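Listed below are the residues making up each chain.
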Amino acid sequence: MEIRKGSQSAQKHPANLALSPSSSSSSCSSFSASVVPLTCSPVEQTALPYRMGSRGISIVSLSDCERLRFVDTAGNEWRIVENRFNRLAITGNGHEPVVKWSDFGSCIGMRESPEFANELLRAMRGRRDWKKDITKNELHSYWCRMTDPWLDSRIELFFDLCDRNMDGRINERDITKVILLSAPINKLSVKHEEAEEQASLIMEVLDIEHRGYIEPSQLESLFKVSLPKGSSATSYQKDQKLEPTSKAEILFRSYWRRTWIILFWLIVCFALFTWKFIQYSHRTAFQVMGYCLSTAKGAAETLKFNMALILLPVCRNTITWLRKNSGFNSVIPFNDNINFHKLIAGGIVIGVLLHGGTHLACDFPRISGSDSSTFRQTIAARFGYQQPSYFQILATTEVATGIAMVIVMMIAFSLATKWPRRQTSPLPRSVRKVTGYNTFWYSHHLFILVYALLIVHSMFLFLTDNLTEKTTWMYIAIPVLLYAGERIIRAIRSGFCEVEIWKVNLYPGKVLSLKLRKPEGFSHKSGMYIFIQCPQISPFEWHPFSLTCGPKDDYLSVHIRTLGDWSYQLYSLFQEAQVTRLKQYPKIYIDGPYGAASQDHIKYDIVVMVGLGIGVTPFISILKDFASRVKKPNINHAASGEGRIEKGPLKAYLYWVTREQSSFNWFMDVMQEIAETNQKQSVVEVFNFLTSVYQEGDARSALISIIQSLYHAKNGMDIVSRTPVHTHFARPNWFNIFSNLARRHRGARIGVFYCGPLALARELERLCTKFSTKTTTRFVFHKENY
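Each value, and the rule that gives it
- Residues numbered from 1 in each chain as written.
- Predicted model: local features only at pLDDT ≥ 70, side-chain atom pairs only at ≥ 80, totals over all residues.
- Heavy atoms only, no water.
- UniProt positions renumbered as here; feature names shortened; annotations may be inferred.
- Pairing = 2+ DSSP bridges.
- Helix = DSSP H or I, 4+ residues; strand = E, 2+ residues; numbered from the N terminus.
- Axes fitted to C-alpha atoms, helices over the stretch in contact; angles between N-to-C directions.
- Contact = heavy atoms within 4.5 Å.
- Buried < 20%, exposed > 50% of the residue type's maximum accessible area, 1.4 Å probe, protein only.
- 1 Å grid on protein atoms, 1.4 Å probe; cavity = no way out; pocket = protein on both sides within 12 Å on 5 of 7 lines; lining within 4 Å.
- Points joined across faces, edges and corners; volume = space filled by probe spheres on them.
- Expected span 1.5 Å × (residues − 1).
- Bend = angle between axes of the 7 residues up to and from the residue.

For the chain, an unreviewed UniProt entry supplies the name Respiratory burst oxidase homolog protein A and the organism Theobroma cacao. In the Sequence similarities (unreviewed entry) part of its UniProt record, the chain is described as follows: "Belongs to the RBOH (TC 5.B.1.3) family."

J.: So what exactly am I meant to see when it comes to the sheet that holds strand E11 (residues 589–594) here?
T.: Within the open sheet, the three strands sit side by side as E9-E8-E11. Their pairing is antiparallel. Across the chains shown, the open sheet's two edge strands, defined by having one partner strand only, are strand E9 (543–546) and E11. Pairs of neighbouring strands in the sheet enclose a mean axial angle of 30 degrees, with direction left out of account. Here helix H14 (residues 316–323) sits on the sheet and contacts strand E8 (529–533) and E11; the angle it forms with E11, its principal contact strand, is near 35 degrees.

J.: Could you clarify how one ought to interpret the environment of Gln377 in this entry?
T.: Position of Gln377 among the secondary structure elements: in helix H17 (residues 372–378). Accessibility expressed as a relative area gives 65% for Gln377, which makes it exposed. Sequence separation between Gln377 and Gln287 is 90 residues, and the spatial gap between their C-alpha atoms is 9.8 Å.

J.: Would you mind showing me how to read the pairing of E8 here?
T.: Of all five residues that make up E8, five are buried, and the element is covered over most of its length. Alternating residues of E8 divide into Tyr529, Phe531 and Gln533 and Ile530 and Ile532, and every residue in both groups is buried. Sheet topology note: the E8/E9 ladder contains four bridges and is antiparallel. Directly across from Tyr529, in E9, lies its bridge partner Ser546. One ladder, built from four bridges, connects E8 with E11; its direction is antiparallel. From the neighbouring strand, Gln533 faces E11, where its bridge partner is Tyr589.

J.: Would you mind going over empty space enclosed by the protein with me for this structure?
T.: Over the atoms, a rolling probe the size of a water molecule traces out where space has been left empty. According to the stated counting rule, one finds three cavities of 30 Å³ or more in the structure shown. Roughly 100 Å³ of internal volume is contained in the largest cavity. Contributing to the lining of the largest cavity are 14 residues, with Arg323, Asn337, Tyr529, Gly595 and Asn785 lying nearest its centre. Only H14 and helix H16 (337–369) provide two or more residues apiece to the lining of the largest cavity.

J.: Explain H16 to me, please; I cannot follow it from the model alone.
T.: Residues three or four positions apart in an α-helix share a direction because the helix packs 3.6 residues into each turn. For H16, spanning 33 residues, the distance from its first C-alpha to its last is 46 Å, which sits close to the expected 48 Å at 1.5 Å a residue. The sharpest bend along H16 measures roughly 45 degrees and falls at His359.

J.: Would you take a moment to explain the sheet that holds strand E12 (residues 606–612) for this structure?
T.: The strands that make up a sheet pair up through hydrogen bonds in the backbone, lying either parallel or antiparallel. Here we have six strands laid out as an open sheet, ordered E15-E14-E13-E12-E16-E17, and parallel in their pairing. With partners counted over all chains shown, the strands left at the sheet margins are strand E15 (727–729) and strand E17 (778–783), one partner each. On average, each strand axis in the sheet is tilted by 20 degrees relative to the strand beside it, whichever way the strands run. Note: E12 against strand E13 (residues 651–658), seven bridges, orientation parallel. Its bridge partner lying in E13, Val607 is registered against Ala652. Helix H29 (residues 734–744) rests against E12, E13, strand E14 (684–690), strand E16 (749–755) and E17 of the sheet, and its axis sits at about 175 degrees to E13. In the packing of helix H30 (residues 758–774) onto the sheet, the strands contacted are E12, E16 and E17, and the crossing angle to E17 comes to about 160 degrees.

Following this line, the structure appears as structure tokens:
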């Protein structure tokens, strides 16, 4: 295959351009644009893998640097390598600074993969005396060879890396050794037998004459092929023409439901505060305590309201029921119920500070220290005509219950914050021992004591005996009864929902898969979740887990990863039961199903799902739902509350990003089912990303990429995931992904659903806003919150 340097046609094919950094005094040479023809030899064509979910094979040419690179020169120029050399250098025998051969990897930026760096040094030095100190001039010559702009030169170096005997030939044994070298560097599990099979595959493709070895020219054909890339995954696409949609309009469309709820809440709080503030400004007690009294009473009124309101976002049955109504669901952001719960908690904190703070720091000192005549003329009757001291006021029922409430709330609030709840490392080890989800769960149930103290506190007031002014019970009666009713229904329902365990699987990474008999009358939609209880661990703890079964399946399934003490104990119980012959599994109770953000996928024609690690679980049921729709095209989704038939999405994309190869074992059957479904109708495109493997084109993963392509072309299976789904290496380029989605689905409204850490959620939400502003495609972001 010919590679033409500096061709004028490069300007006509921007997708084929490889632009290099400009030359500088510290670089070896300058790069020029290159054009790679989209043609390949018969041998090269065998390396073109099948892309699941795409119609045919999408060929996108790669630049020379993307095909094979030993070091990433971006942010790793020679001057940086030189600085590393200077830090590690010692004085050699000839008084010239040198570094030890074992520090070669640290110098060139391969500190995390020293084994590969050592083999690379051996390839450049030859078999003899390669374990000797390195001078700066030698290091520079090695650096220039590794960063040579000519692909042929880098392929020759890679050939030397594989050629253990330095005889100009690579045999099957050499390839096997390089595979076994590359696999652990990329955190891949490859047995010796598998490595031999993969090496045999390369020889089968390249050694057409069956000579038992391959030469450099044959290896070049694998690197010069234009490898296929799914256009939605990593390939570059040109941005669309910008549309005149303002960012303010997009932000309004994205956040108007949250905004009006928060504004309405703030207005109600402000109105209640103002009402009580003005009311107490005209009371006789105002002459003693002044605006401190008005402030405390205004804050008290907002506290009543918020103590009632904070229960509503956690009434899960009610929220799930309300979700079914399209009218409510269109104006109320049910997916943000937990965030709203936290916001109200913040309002309670502010109310407590204002109410309790002004009482303790202002009102009570003024009562005890006021002029006796003023005291007798105003509020003396409320204190038995005896002016109390500050400590006598603190000993009263209303103040004592108030202080007790604040202490209990401080405990519950502090243990519900991020660090104690997740036992994060910034906390001291002694503190981490008494924190975690269990501590959060039990401490949060102190709210029962808080509400009991609140009722007592509200019945004993200094300044009034009028029952119509003791309105706390009026605020909290309905929410408390609603919440209590939900807990009672949940207890009764779950008590009858001991489920039969049909199948148990224990996966690497301490992931437990449970296949349960579906209770009679149990009905759910894709994207919902259930609560699970194991009495053998705790009769009180319930934990939420996404359903990984389709709505049409005759069973329920969940996948549980050990991320806390409860899930670890559950995994251990089932692990012990698997070992015993009787296999007596612990009892499991379930409660649900409950609605989640993923349920809203039904609103969109195009759905994009992003799951990190175990965060893929909410989307598995959606994939199964897609598969069942394709198998039975005449059957639509179930009718909604108004009897209207819901239309399902027409296209779905799943981006699953994980750090561990073993993660792909969790849903191998689902991926196989999707592959079979796509043979009938391409409705789902799945993109797996394994971040432990170096990016495609990196020399450390180059041989793995080649084998992956060859094996997929021959057997239709991916050697990494062991499913028909092609696995991409390193982290996704989310900007390119959104750019391609916007280009492919012009004018569409795409729902983006995410489950995983908050950091990526912010990036995805920012990209949704950016591309909704700059293109005709509208991206709407949703995040799972439990």
